[in-house]
Amino acid sequence: MSKTDSDVATAIRTIVVLVFSWVMVLMTGTKAGITDISGKTLLFLVLSGIATGASWLCYFKALQNGDVNKVVPIDKSSTILSILLALIFFMKACL
């Protein structure tokens, strides 16, 4: 990883995810659902995609520059943090 440019690694990973995602859409026959997506939902999907791309760029850059044993636990802890924040916001919305 240290000799691989983080931007190139992210671009390759993104292409793989893109191809796999469209294969799944075509296999399940759900491509007609694209027209049902509202503008607000599309905006949030685009923003989520931008955040994911930025996260991947930062992750690969951190792997390139830092110690893998320090980078990976921080990345994996973000999942737990996301779950906790979702629970907090969900519980607050229900009250």
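Preceding block: the structure.
Structural notes, computed from the coordinates. Every chain is numbered on its own, with residues counted from 1 as its sequence reads. It should be noted that, the model being predicted, local features are given only for residues of pLDDT at least 70 and side-chain atom pairs only at 80 or more, the latter also being counted only at that level, while totals for whole chains, interfaces and linings use all residues. As a convention, hydrogens and water are excluded, and side-chain values are obtained from all of the structure's heavy atoms.

**Brief notes about the overall build of the protein chain**
The following threshold applies: Helix numbers and strand numbers start at the N terminus; a helix is a DSSP run of H or I with at least 4 residues, a strand a run of E with at least 2. C-alpha atoms define the radius of gyration, and 2.2 Å times the number of residues to the power 0.38 defines the globule rule. Only protein chains enter the accessibility calculation, which uses a 1.4 Å probe; a residue is then buried when its area is under 20% of its type maximum, exposed when over 50%, and partly exposed in between. Positive charge is attributed to Lys and Arg, negative charge to Asp and Glu, and no charge count is given to His or to the chain ends. For charged residues, the charge sits on one atom: NZ in Lys, CZ in Arg, CG in Asp, CD in Glu.
Summing up its helical and strand segments, the protein chain has three helices and zero strands in all. Helices and strands appear in the protein chain in the N-to-C order α-α-α. Taken over C-alpha atoms, the radius of gyration comes to 17 Å for the protein chain, far larger than the 12 Å a tight globule of 95 residues would show. Across the 95 residues in the protein chain, those meeting the buried criterion constitute 8%. Here the protein chain contributes 8 positive and 5 negative side-chain charges, whose respective centroids are spaced 4 Å apart.

**Brief notes about the nonpolar core**
How we decide: Each nonpolar core is a collection of buried residues, namely Ala, Val, Leu, Ile, Met, Phe, Trp, Tyr and Cys, held together in the definition by side-chain atoms within 4.5 Å.
Ala 9, Tyr 59, Phe 60, Leu 63 and Val 71 form the largest nonpolar core, which has five residues in total. Broken down by element, the residue count for this core peaks at three residues, all from helix 2 (residues 39-65).

**Quick notes on the environment of Asp 75**
Here Asp 75 is to be found in helix 3 (residues 68-94). In the structure, Asp 75 is positioned 61 residues away from Thr 14 in sequence and 18 Å away in space, judged by C-alpha atoms.

**Let's talk about the packing of helix 1 (residues 6-28) against helix 2**
We apply this condition: Note on geometry: axes are lines fitted to C-alpha atoms, helical ones only across the stretch in contact, with angles between N-to-C directions running from 0 to 180 degrees. Any angle between 65 and 115 degrees counts as roughly perpendicular, while under 35 counts as roughly parallel, over 145 as roughly antiparallel, and the rest as oblique. Helix crossings get a hand from a simple test, with the near helix turned counterclockwise from the far one by less than a right angle marking a left-handed crossing and a clockwise turn marking a right-handed one. Whether two residues touch is decided by their heavy atoms; if any such pair falls within 4.5 Å, the residues are in contact. For this scheme, ten residues count as nonpolar: Ala, Val, Leu, Ile, Met, Phe, Trp, Tyr, Cys and Pro. Four count as charged, namely Asp, Glu, Lys and Arg, and the remainder, Gly too, count as polar.
Viewed as axis vectors pointing N to C, helix 1 and helix 2 meet at an angle of 135°, and their least axial separation amounts to 9 Å. Comparing their axes, helix 2 and helix 1 come out oblique. The interaxial crossing formed by helix 1 with helix 2 has right-handed handedness. For the pair formed by helix 1 and helix 2, the contact residues are Ser 6, Asp 7, Ala 9, Thr 10, Arg 13, Thr 14 and Val 17 on the first element and Gly 53, Trp 56, Leu 57, Tyr 59, Phe 60, Lys 61 and Gln 64 on the second. Of the residues in the contact of helix 1 with helix 2, the class split is six nonpolar, five polar and three charged.

**Here's the deal with a nonpolar patch on the surface**
Our working definition: Patch membership needs two things, relative accessible area over 30% and no salt bridge, and members are linked within 9 Å if like-charged or within 5 Å if nonpolar (Val, Leu, Ile, Met, Phe, Trp, Tyr). For the accessible areas, the method is Shrake-Rupley and the probe is 1.4 Å, while residue cover comes only from the protein chains on display. We define a salt bridge as a side-chain nitrogen of Lys or Arg found within 4 Å of a carboxyl oxygen belonging to Asp or Glu.
Taken together, Leu 18, Trp 22, Leu 26, Ile 34, Ile 37, Leu 42, Leu 43, Phe 44, Leu 45, Val 46, Leu 47 and Ile 50 make up a surface patch of nonpolar side chains, about 1200 Å² in accessible area. In terms of residue count, helix 2 provides more of the nonpolar patch than any other element does, seven residues in total. The residue Ile 50 is located in helix 2 in this model. Given the relative accessible area of 55%, Ile 50 is considered exposed.

**Structural notes on the packing of helix 2 against helix 3**
Packed helices, taken two at a time, are described by their axes: the angle between them and the distance between them. The interhelical angle for the contact between helix 2 and helix 3, taken along N-to-C directions, is 160°, at an axis separation of 8 Å. What the angle tells us is that helix 2 and helix 3 run roughly antiparallel. Along this stretch, helix 2 crosses helix 3, giving a crossing that reads as right-handed. Where helix 2 approaches helix 3, its residues Tyr 59, Ala 62 and Leu 63 are matched on the opposing element by Val 68, Val 71, Val 72 and Asp 75. Residue classes in the contact of helix 2 with helix 3 are distributed as six nonpolar, no polar and one charged.

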